[in-house]
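Structure at a glance
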Amino acid sequence: MPIFQNASFYTTVNHLKDLPPTLAEVAFVGRSNAGKSSAINTLTNRTRLAYVSKTPGRTQHINFFDLGNERYLVDLPGYGYAQVPEPVRAHWVELLGRYLATRQSLVGLMLIMDSRHPLKELDWRMLEFFLGTGRPVHILLSKADKLSRQEQAKTLKEVRAELSAYPQVSVQLFSSLKKSGCEEVERVVEGWFGG
Ligand code: GDP
């Protein structure tokens, strides 16, 4: 049974003190509009599990989805929204940063980047910050259907080359529209969860 197939909504958290105890969890993060919600919906085979919620006031929540066996998928707030009031931005930088730095049960990070604009400054900041924790990162180059085969291969090669100094980072192409790349994500997450 693919690991994401029985996902169900578990809880929404707005403060670190409210984080539920879990055995193991994998977190999804990315710039707003990178395709994170679509990727979660595609992987879980549900159309509205991760609500495509675009209201900046709501973006600071952390959503937990139960995968069974005390394992969870965590939908982190997107970063890089243009129009967000400063107190809201500060709250979510704090929430996100402290979650990523301190969460014991977090086994790995899925970083979603639009394959047409990979490795933006905020993505680098996220990577450098998180790699300091010693945990692995798997990058989904999303919306791969928007690139030709040739462009896909070129982008994958370039992003891998840029990240070659970081052995704990892996990269793949992904398309929610074409539902392509799901098995590769599942293999990585199963590995993180211990097989
Ligand atoms: P989020 O802000 O990172 O959660 O991004 P969304 O999942 O809401 O996606 C942002 C936009 O990109 C939406 O208009 C989606 O329909 C579109 N999108 C997401 N994934 C894909 C994909 O695989 N292919 C294409 N062509 N568009 C996508």
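Residues numbered from 1 in each chain as written. Predicted model: local features only at pLDDT ≥ 70, side-chain atom pairs only at ≥ 80, totals over all residues.

What counts is decided by this rule: UniProt positions are given in the numbering used here, feature names are shortened, and annotations may be inferred rather than shown by experiment.
As annotated in an unreviewed UniProt entry, the chain is Probable GTP-binding protein EngB from Crenobacter intestini. In its Function (unreviewed entry) section, the UniProt entry covering the chain states "Necessary for normal cell division and for the maintenance of normal septation." The chain has a UniProt comment under Sequence similarities (unreviewed entry) that states "Belongs to the TRAFAC class TrmE-Era-EngA-EngB-Septin-like GTPase superfamily. EngB GTPase family."

Some words on the overall build of the chain
Here is the rule: Only DSSP runs of H or I covering at least 4 residues are called helices, and only runs of E covering at least 2 are called strands; the numbering of each starts at the N terminus. All radius of gyration figures rest on C-alpha atoms, and the globule criterion is 2.2 Å times the number of residues raised to 0.38. Any residue with 12 or fewer other C-beta atoms within 10 Å of its own C-beta is exposed, any with 20 or more is buried, and the rest are partly exposed; the C-beta atoms used are placed from the backbone. Working definition of a contact: two residues with C-beta atoms, positioned from the backbone, lying within 7 Å.
When you go through the chain residue by residue, the secondary structure sums to 5 helices and 7 strands. Starting at the N terminus, the α and β elements of the chain follow one another as β-β-α-β-β-α-β-α-β-α-β-α. For the chain, whose C-alpha radius of gyration is 16 Å, the value lies close to the compact-globule estimate of 16 Å for 195 residues. Projected onto its principal axes, the C-alpha coordinates of the chain cover approximately 45 × 40 × 35 Å. Taken over 195 residues, the chain has a buried fraction of 36%. Within the chain, contacts between residues at least 6 apart in sequence are counted, and of these 75% link residues at least 24 apart.

What about the sheet that holds strand β3 (residues 62–68)?
Selection criterion: A pair of strands is labelled paired if DSSP reports no fewer than 2 bridges between them. Throughout, an axis means a line fitted to C-alpha atoms (over the contacting stretch in the case of helices), and angles, computed between N-to-C directions, take values from 0 to 180 degrees.
Ordered by their spatial adjacency, 7 strands build an open sheet running β1-β3-β4-β2-β5-β6-β7, and the pairing between neighbours is mixed. Looking along the sheet, the strands with just one partner apiece sit at the ends: β1 (8–13) and β7 (169–173). Strand-to-strand, the axes of this sheet are offset by a mean angle of 25 degrees, without reference to chain direction. Lying over the sheet, helix α3 (residues 121–131) contacts β2 (24–30), β5 (106–114) and β6 (137–142), oriented at roughly 170 degrees with respect to β5.

Structural notes on the confidence of the model for the chain
Our working rule: The quantity called pLDDT is the predictor's confidence in a given residue, expressed from 0 to 100.
Per-chain confidence: the chain averages 90 in pLDDT, with 94% of residues scoring 70 or above. With pTM at 0.94, the complex prediction returns an ipTM value of 0.99.

Regarding the site of the ligand
This is how the line gets drawn: Near, as applied to residues and a molecule or strand, means the residue's backbone-placed C-beta atom lies within 6 Å of it. When residue character is reported, Ala, Val, Leu, Ile, Met, Phe, Trp, Tyr, Cys and Pro are called nonpolar, Asp, Glu, Lys and Arg charged, and the others, Gly included, polar.
As a matter of local geometry, the ligand sits amid 17 residues, with Gly-35, Lys-36, Ser-37, Ser-38 and Leu-177 nearest to it. Sort the elements by how many residues they give to the shell around the ligand and helix α1 (residues 36–44) lands first, with 3 residues. Per-class residue counts for the shell around the ligand are 3 nonpolar, 10 polar and 4 charged.

Observations concerning helix α2 (residues 86–102)
Stated formally: How far a helix is expected to stretch is found by multiplying one less than its residue total by 1.5 Å. Directions are taken from the helix axis to each C-beta atom, and the arc is the one they span.
For α2, built from 17 residues, the straight-helix expectation of 24 Å at 1.5 Å per residue is met to within 8% by its first-to-last C-alpha distance of 24 Å. Burial in α2 covers these residues: Trp-92, Leu-95 and Leu-96. Around the axis of α2, the buried residues are gathered within 90 degrees of arc, so they sit on the same side. Opposite the buried face of α2, at more than 90 degrees from it, the exposed residues are Glu-86, Pro-87, Ala-90, Glu-94, Arg-98, Ala-101 and Thr-102. For α2, the secondary structure elements touched by its buried residues are β3.

Brief notes about the nonpolar core
The cut-off we apply is this: Note on terminology: a nonpolar core is a set of buried residues of type Ala, Val, Leu, Ile, Met, Phe, Trp, Tyr or Cys, with members joined through C-beta atoms within 7 Å.
In this structure, Ala-27, Phe-28, Leu-73, Leu-111, Ile-139 and Leu-141 are the most contacted members of the largest nonpolar core, which totals 44 residues. With 6 residues, β5 is the largest single contributor of residues to this core. Setting aside its immediate chain neighbours within four residues, Ile-139 contacts Leu-111, Met-113, Val-159, Val-169 and Val-171.

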